[in-house]
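# Survey of secondary and tertiary structure
Here is what each chain is made of, one letter per residue.
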Amino acid sequence: MAHPDVSVILFDLEELPQPLRIKALSWALRELGLRDLEAVVVYIDEREDRLAPRVLREVRNKLETGHKDAKPSEAMVRWMTARRSTC
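The rules behind these values
Residues numbered from 1 in each chain as written. Predicted model: local features only at pLDDT ≥ 70, side-chain atom pairs only at ≥ 80, totals over all residues. Heavy atoms only, no water. Helix = DSSP H or I, 4+ residues; strand = E, 2+ residues; numbered from the N terminus. Buried < 20%, exposed > 50% of the residue type's maximum accessible area, 1.4 Å probe, protein only. Contact = heavy atoms within 4.5 Å. Areas by Shrake-Rupley, 256 points an atom, 1.4 Å probe, with all protein chains shown as cover. Axes fitted to C-alpha atoms, helices over the stretch in contact; angles between N-to-C directions. Parallel < 35°, antiparallel > 145°, perpendicular 65-115°, else oblique. Nonpolar A, V, L, I, M, F, W, Y, C, P; charged D, E, K, R; others polar. Core = buried A, V, L, I, M, F, W, Y, C linked by side-chain atoms within 4.5 Å.

### What to know about the overall build of the chain
A count of helices and strands for the chain gives five helices and zero strands. Out of the 87 residues belonging to the chain, those deemed buried represent 25%. Of the contacts made within the chain by residues no fewer than 6 positions apart, 45% connect residues no fewer than 24 positions apart. A total of about 6600 Å² of accessible surface is found on the chain, and carbon and sulfur atoms cover 56% of it.

### What to know about the packing of helix α2 (residues 18–35) against helix α3 (residues 37–47)
Put simply, α2 and α3 touch, their axes get as near as 6 Å, and they point 140° apart. Taken together, the axes of α2 and α3 are oblique relative to one another. Residue-level inspection shows Leu25, Leu29, Leu32, Gly33 and Arg35 of α2 in contact with α3, the latter providing Leu37, Val40 and Tyr43. Residues of the contact of α2 with α3, tallied by class, amount to six nonpolar, one polar and one charged.

### Regarding the nonpolar core
Within the largest apolar cluster, twelve residues are counted, these being Ile22, Leu25, Leu29, Leu32, Val40, Tyr43, Ile44, Leu51, Ala52, Val55, Leu56 and Val59. Elements that contribute at least two residues to this core include exactly α2, α3 and α4 (53–65). Contact partners of Ile44, with chain neighbours within four places excluded, come to Leu51, Leu56, Val59 and Arg60.

Given below as structure tokens:
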């Protein structure tokens, strides 16, 4: 099934207030990335200088790790656990 151009889907978001626009754009790109990864990567690459850092971070994390918030590495988890036990 062909997907419409990402920019067409996201055009209506321009009318939302800034915080809602960022949240909606991040969500839309993360969801679309599950269906059409290449379209999302192209969209981000072409607009990287205009997208909010939060959008870039959340979408890239989702595409790379499957989670919107990056999970800490195993080494970081061990370090945090050890630090808690010494406090």
